[in-house]
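Spelled out, the chains give:
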Amino acid sequence: MAECDTKNDPSEQNDFSEDGKNRTKIFCERCSSLVLLPKSAMYCKSEFFMPHMKKKKEGLDSNGEKLSDFWKVGDMFTFENVGFCNTVDNIKYLVCADCEVGPIGWHDISDKTAYYIALDRVVHKD
Ligand SMILES: [Zn+2]
């Protein structure tokens, strides 16, 4: 299973992070629903296969892409809005709570302290 190294390595910064945390708010790219507030998630580099984005009721796409940039949240109550999709092999996919498009992230149900949001699948703005 993907393990995430959350120690703050300055070389692991990106345009959206400050001190290893998200600098701006994070929104759904489809409907602009607020997902996370600034500085509520840790940047983490970890490769994970994500199915292509779809409406939740259409089910998960069997095709997808490998993504490597994620925001890690330690508690699901940290999210302002988030929904869940079906669980596949212990992985629960996260979708937007409003428009139900996803997955925008994932969670391993055996680890209740790690929720991941893909940087490529959300919008970063103040
Ligand atoms: Zn949405």
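Residues numbered from 1 in each chain as written. Predicted model: local features only at pLDDT ≥ 70, side-chain atom pairs only at ≥ 80, totals over all residues. Heavy atoms only, no water.

You'll find the protein chain entered in an unreviewed UniProt entry as Guanine nucleotide exchange factor MSS4, with Mytilus galloprovincialis given as the organism. Under the Subunit (unreviewed entry) heading, UniProt states for the protein chain: "Interacts with RAB8A." (UniProt positions renumbered as here; feature names shortened; annotations may be inferred.)

Asks: Please explain the nonpolar core as it appears in this structure.
Replies: Proteins that are soluble and globular tend to have nonpolar side chains buried together. If you look at the biggest cluster of nonpolar residues, it comprises 20 residues, and the most contacted ones within it are Val 35, Leu 36, Trp 71, Phe 79, Leu 94, Ile 104 and Ile 117. Ranked by size, the runner-up nonpolar core spans 13 residues in total, among them Cys 44, Phe 70, Tyr 116 and Ala 118. (Core = buried A, V, L, I, M, F, W, Y, C linked by side-chain atoms within 4.5 Å. Buried < 20%, exposed > 50% of the residue type's maximum accessible area, 1.4 Å probe, protein only.)

Asks: Sorry if this is basic, but what is going on with the coordination of the zinc ion here?
Replies: As a benchmark, a tetrahedral metal site with four donors has ideal angles of 109.5 degrees, while an octahedral site with six donors has ideal angles of 90 or 180 degrees. Looking at the metal site, the zinc ion is ligated by Cys 28 (SG), Cys 31 (SG), Cys 96 (SG) and Cys 99 (SG), spaced 2.2 to 2.3 Å from it. Its four donor atoms give the zinc ion angles of 105 to 115° at the centre, a pattern that matches the tetrahedral case. When the donors of the zinc ion are listed by position in the chain, the intervening gaps give C-x2-C-x64-C-x2-C. Linking Cys 31 in the loop between strand S3 (25-28) and strand S4 (34-36) with Cys 99 in the loop between strand S9 (91-95) and strand S10 (101-102), this pair joins segments that are 68 residues apart in sequence. (Donors = N, O, S within 2.8 Å, 3.2 Å for Na, K, Ca; no water. Tetrahedral: all angles 85-135°; square planar, octahedral: opposite > 155°, others 65-115°. Helix = DSSP H or I, 4+ residues; strand = E, 2+ residues; numbered from the N terminus.)

Asks: What is the right way to look at the pairing of strand S7 (residues 64-73) in this model?
Replies: Two faces, one strand: in a regular strand the side chains alternate between the faces of the sheet. Pairing analysis gives eight bridges linking strand S5 (residues 42-51) to S7, with the strands arranged antiparallel. Within S7, the position partnered with Phe 49 by the bridge is Lys 66. As paired elements, S7 and strand S12 (residues 115-118) share four bridges and run antiparallel to each other. The residue of S12 that forms the bridge with Lys 72 is Tyr 116. (Pairing = 2+ DSSP bridges.)

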